[in-house]
Amino acid sequence: MSGSTPRPLSISSRGPLKGHVTVPGDKSISHRSLMFSALAVGESKIEGLLEGEDVLATAAAMRAMGATITRGEDGVWTVNGVGVGGLLQPETALDMGNSGTSTRLLMGLVASHPITVTFTGDASLSSRPMGRAIEPLSQMGAEITASPGGRLPLMLRGINPAVPITYTLPVASAQVKSAVLLAGLNTPGITRVIEPVPTRDHSERMLRGFGAELTVEESPEGKIISIRGEAELKPQHIIVPGDPSSAGFWMVAASIVAGSDITISNVCMNPTRTGLIQALRMMGASIEEVDSREVGGEPVADLRVQHAPLKAIEVPPELAPSMIDEYPILFVAASVAEGRTVARGAHELRVKESDRIATMRAALEANGVVTEEFEDGLAISGTGGAPIPGGGGAVTMLDHRIAMSMTVAGLAAAAPIAIDDVAPVQTSYPAFFTVLDSLTA
């Protein structure tokens, strides 16, 4: 898995980015398409699946629990599912690598099946707390024994029948919401999640598409998402749209490198995922939506991004759930904006693959950027369009988004930035550096 053999990189300015890019399939949708196809009865097809390490860990886990999953030479994946309730006892522990999404969602799936599963992961994943998923799944009857601090390795003994619950999310988390809904799939009765702050809704859209009986209603407490258990999922043909998180690196790179003009094809424009686009446009970025359309229940568009001078903003905290993975690259955009950008409301960044607030502050300051750290974000004083000084190091803490963000920072730096390890990029965007070479050729 990622991080086993460190791959250092020295990155410096390469001139404008030009051309077309197709980003990998959306990671959130890729995980779910494999899981839900594995729970359908019959054969599903998946096109555009992200083939990064995180998603391949999900595929391996579903195979270990009985699904037949193959990849054709044409890149189309075929999944023959076992049906809801049909997951089998895996023979060995499930190695989730670096994938927190896989781990939390699969904990939900297993919780309402009569099997016992041990989850393991790499050093980065094993440092991330799982308590927020453990709490509701324990209420449903699952027995969970975690390592100290609610971390991996973790053993989960599922129960059947599980107990349907109504659970109010204490913090905005699409992963915890999805874990409870997936546990509810095989639980008699109706399981409800109350979501005070909206988060990405890929699980709801896709579960409906697979035939689950799922409703969403507004209430004074927030959205109430209800799923009727003992569902029968029907196989689907899924086309995975491009990942907006991956597109974010090229949006910022083109925005901050003079003379750049790129088009990013087939980007998922789900409104729960477009916070970075909104923030960049507030800063003055030139991002044009071309050929807006719908693919597999998800809104999609091509994005033309041209270099534009950026101005500092106060990032609205309510954007946080729709751009939580994009804060590191937003911090890079802020580094070359005119004025002091303040981005707060992002407590969740403290418990990602790394503490992304502290890790980005350290990396940017090592390269001459003036920052101020808060518990829930950063303030960044930009250069007003001049290159950032650079000339320092960047420690990624085995975090793929830190590695890619600091690579983009290097494109707008006066002196090279020395990144300690870009190997973790394999977890989400294996072709990232090949695409960078093509856009700056």
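Whatever comes next refers back to the structure up there.
Below is a summary of the structure that appears in this document.

Rules and cut-offs
Residues numbered from 1 in each chain as written. Predicted model: local features only at pLDDT ≥ 70, side-chain atom pairs only at ≥ 80, totals over all residues. Heavy atoms only, no water. Pairing = 2+ DSSP bridges. Helix = DSSP H or I, 4+ residues; strand = E, 2+ residues; numbered from the N terminus. 1 Å grid on protein atoms, 1.4 Å probe; cavity = no way out; pocket = protein on both sides within 12 Å on 5 of 7 lines; lining within 4 Å. Points joined across faces, edges and corners; volume = space filled by probe spheres on them. Nonpolar A, V, L, I, M, F, W, Y, C, P; charged D, E, K, R; others polar. Core = buried A, V, L, I, M, F, W, Y, C linked by side-chain atoms within 4.5 Å. Buried < 20%, exposed > 50% of the residue type's maximum accessible area, 1.4 Å probe, protein only. Contact = heavy atoms within 4.5 Å. Axes fitted to C-alpha atoms, helices over the stretch in contact; angles between N-to-C directions. Left-handed = near helix turned anticlockwise from the far one by under 90°. Phe/Tyr/Trp six-rings, centres within 6.5 Å; stacked < 30°, edge-to-face > 60°. Lys NZ or Arg CZ within 6 Å of the ring centre and 35° of its normal. Right-handed = clockwise from strand over helix to strand, strands pointing away.

### Details of the sheet that holds strand β9 (residues 151-157)
Across the sheet, which stays open at both edges, the four strands sit in the order β6-β7-β9-β8 with mixed pairing between neighbours. Single-partner strands in this sheet number two, and they are β6 (94-95) and β8 (143-147). Pairing geometry for β6 and strand β7 (residues 116-120), over two bridges, is parallel. Note on β7: the bridge partner recorded for leucine 94 is phenylalanine 119.

### Remarks on the layout of surface pockets
Its boundaries defined by the atoms lining it, the largest pocket holds a volume of some 610 Å³. Residue lining of the largest pocket: 37 residues in total, with Ala172, Ser173, Ile324, Glu348 and Lys352 positioned closest to the centre. Listed by contribution, the elements that provide at least two residues to the lining of the largest pocket are α1 (27-39), α3 (100-111), α6 (174-185) and α12 (400-411). Ranked by the residues each element gives to the lining of the largest pocket, the list is headed by α1, at four residues. Residues of the lining of the largest pocket, tallied by class, amount to nine nonpolar, 13 polar and 15 charged. Roughly 300 Å³ of internal volume is contained in the second largest pocket. If you go around the second largest pocket, you meet 19 residues; those closest to its centre are Ile256, His307, Val336, Gly385 and Ala386. A per-class count over the lining of the second largest pocket returns twelve nonpolar, five polar and two charged.

### Things to note about the nonpolar core
With 74 residues, the main nonpolar core has Trp250, Ile264, Leu280, Tyr327 and Met406 as its most contacted residues. For this core, the element with the most residues is helix α8 (residues 244-256), which contributes eight residues. If you look at the next biggest cluster of nonpolar residues, it comprises 66 residues, including Ile46, Tyr167, Val180 and Leu233.

### Some thoughts on the environment of serine 226
Relative to the elements of secondary structure, serine 226 occurs in strand β13 (residues 222-228). Serine 226 sits in the buried class, given a relative accessible area of 8%. Residue contacts for serine 226: discarding those within four places in its chain leaves Ile190, Thr191, Arg192, Glu213, Leu214 and Thr215.

### Quick word on the packing of α1 against helix α7 (residues 202-209)
Where α1 contacts α7, the axes come no closer than 10 Å and their chain directions differ by 35°. By crossing handedness, the relation of α1 to α7 is classed as right-handed. When α1 is examined against α7, the residues Ser28, Ile29, Arg32, Ser33 and Phe36 are found in contact with a partner set consisting of His202, Ser203, Met206 and Leu207. Among the residues forming the contact of α1 with α7, the class breakdown is four nonpolar, four polar and one charged.

### Quick word on unusual backbone geometry
Cis geometry marks the peptide bond from leucine 152 to proline 153; its omega dihedral reads -5°. Secondary-structure assignment places proline 153 in strand β9. With a phi angle near 60°, asparagine 266 is a residue other than glycine that sits in the positive phi range. Inspection of the secondary structure assignment puts asparagine 266 in strand β15 (residues 261-268). You will see that aspartate 291, though not glycine, has its phi angle at about 55°, which is positive. Looking at the secondary structure, you find aspartate 291 in strand β16 (residues 286-295).

### Describing the packing of aromatic side chains
Applying the stated criterion to the full structure yields seven aromatic pairs. Each ring, one from tryptophan 250 and one from phenylalanine 432, has its centre 4.8 Å from the other, and the planes form 20°; the classification is stacked. Of this pair, tryptophan 250 sits in helix α8 while phenylalanine 432 sits in helix α13 (residues 432-439); the two residues are 182 residues apart in sequence, bridging distant segments of the chain. Look at tryptophan 250 and you get buried, because its relative accessible area is 0%. Relative accessible area serves as the criterion here: at 1%, phenylalanine 432 is assigned to the buried category. Ring pairs connect the aromatic residues Phe249, Trp250, Tyr429, Phe432 and Phe433, which therefore count as one cluster. Taking the ring centre of phenylalanine 433 as reference, the NZ or CZ of arginine 7 above it sits at 4.9 Å.

### Concerning the pairing of β15
Taking burial as the measure, the eight residues of β15 include six buried ones, the bulk of the element. Note: strand β2 (residues 18-22) against β15, five bridges, orientation parallel. Residue pairing for β15: threonine 22 is matched across the bridge by serine 265. Bridge count for β15 against strand β17 (residues 298-306) is six bridges, and the pairing is antiparallel. Counted as the bridge partner of isoleucine 264 is leucine 303 from β17.

### Some thoughts on the pairing of strand β19 (residues 340-343)
Judged from the two bridges that link them, strand β18 (residues 314-315) and β19 form a sheet pairing that is parallel. Counted as the bridge partner of glutamate 314 is valine 342 from β19. For the segment spanning β18, helix α10 (residues 327-335) and β19, crossover handedness is right-handed. Both β19 and strand β21 (residues 377-381) contribute to a ladder of four bridges, which runs antiparallel. The partner of valine 342 across the bridge, within β21, is alanine 379.

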